[in-house]
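If you want the building blocks of each chain, they are given just below.
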Amino acid sequence: MPWGKTLHLTRGRFFSAFFWTYHAGLILTTGLMTVHGTITVLGKDTGPAISGIAGMGHILLTVALVFFFVCLHHRLRLDLTGTTRTETDEQTEVPPVDRTA
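Conventions we followed
- Residues numbered from 1 in each chain as written.
- Predicted model: local features only at pLDDT ≥ 70, side-chain atom pairs only at ≥ 80, totals over all residues.
- Heavy atoms only, no water.
- Phe/Tyr/Trp six-rings, centres within 6.5 Å; stacked < 30°, edge-to-face > 60°.
- Buried < 20%, exposed > 50% of the residue type's maximum accessible area, 1.4 Å probe, protein only.
- Helix = DSSP H or I, 4+ residues; strand = E, 2+ residues; numbered from the N terminus.
- Contact = heavy atoms within 4.5 Å.
- Expected span 1.5 Å × (residues − 1).

> Any chance you could explain the packing of aromatic side chains here in plain terms?
For any pair of aromatic rings, geometry is given as the distance between the ring centres together with the angle between the planes. Taken as a whole, this structure holds 7 aromatic pairs when the rule is applied. Taking 5.1 Å as the distance between ring centres and 90° as the angle between the ring planes, the aromatic pair formed by Phe19 and Trp20 counts as edge-to-face. The exposure class assigned to Phe19 is partly exposed, which follows from its relative accessible area of 32%. Here Phe68 and Phe69 contribute two aromatic rings whose centre-to-centre distance is 5.8 Å and whose plane-to-plane angle is 65°, an arrangement assigned as edge-to-face. Members of the aromatic cluster, joined through ring pairs, are Phe15, Phe18, Phe19, Trp20, Tyr22, Phe68 and Phe69.

> Sorry if this is basic, but what is going on with the environment of Phe14 here?
Looking at the secondary structure, you find Phe14 in the loop between α1 (2-7) and α2 (15-41). Residue Phe14 is classed as partly exposed on the basis of its relative accessible area, which comes to 34%. The spatial distance from the C-alpha of Phe14 to the C-alpha of Leu72 is 9.1 Å, given a sequence separation of 58 residues. Ignoring any residue separated from it by four or fewer positions in sequence, one finds Phe14 in contact with Phe67, Val70 and Cys71.

> Would you explain α2 in this entry?
Because an α-helix packs 3.6 residues into every turn, residues spaced three or four apart end up facing the same way. Between its first and last C-alpha, α2 extends 38 Å over 27 residues, near the 39 Å set by a 1.5 Å rise per residue. Of all the residues in α2, the buried ones are Phe15, Phe18, Thr21, Gly25, Thr29 and Leu32. Gly43 sits one or two residues past α2 and shows a positive phi near 85°.

Dropping the structure here:
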């Protein structure tokens, strides 16, 4: 992904949410669509549960798309304000926890 290296999308706050939601939705959608197609080709009737679960996979893909656009907006906004990425990344990093106490 050349745009990922240019915009440093993996450093965004919402990238992890996008990544895991997208892959869960993709696996759910393709898996259930494969099951639905296989059952249909075999000549058996599929119930509404299979289509409903595949629909839930589509919903997860839509949520992942929203996460991606939020992450993209955040990274592009940094470019438009003129703030350097290193300054912003230092501001968004979680400070280390002091475990001596």
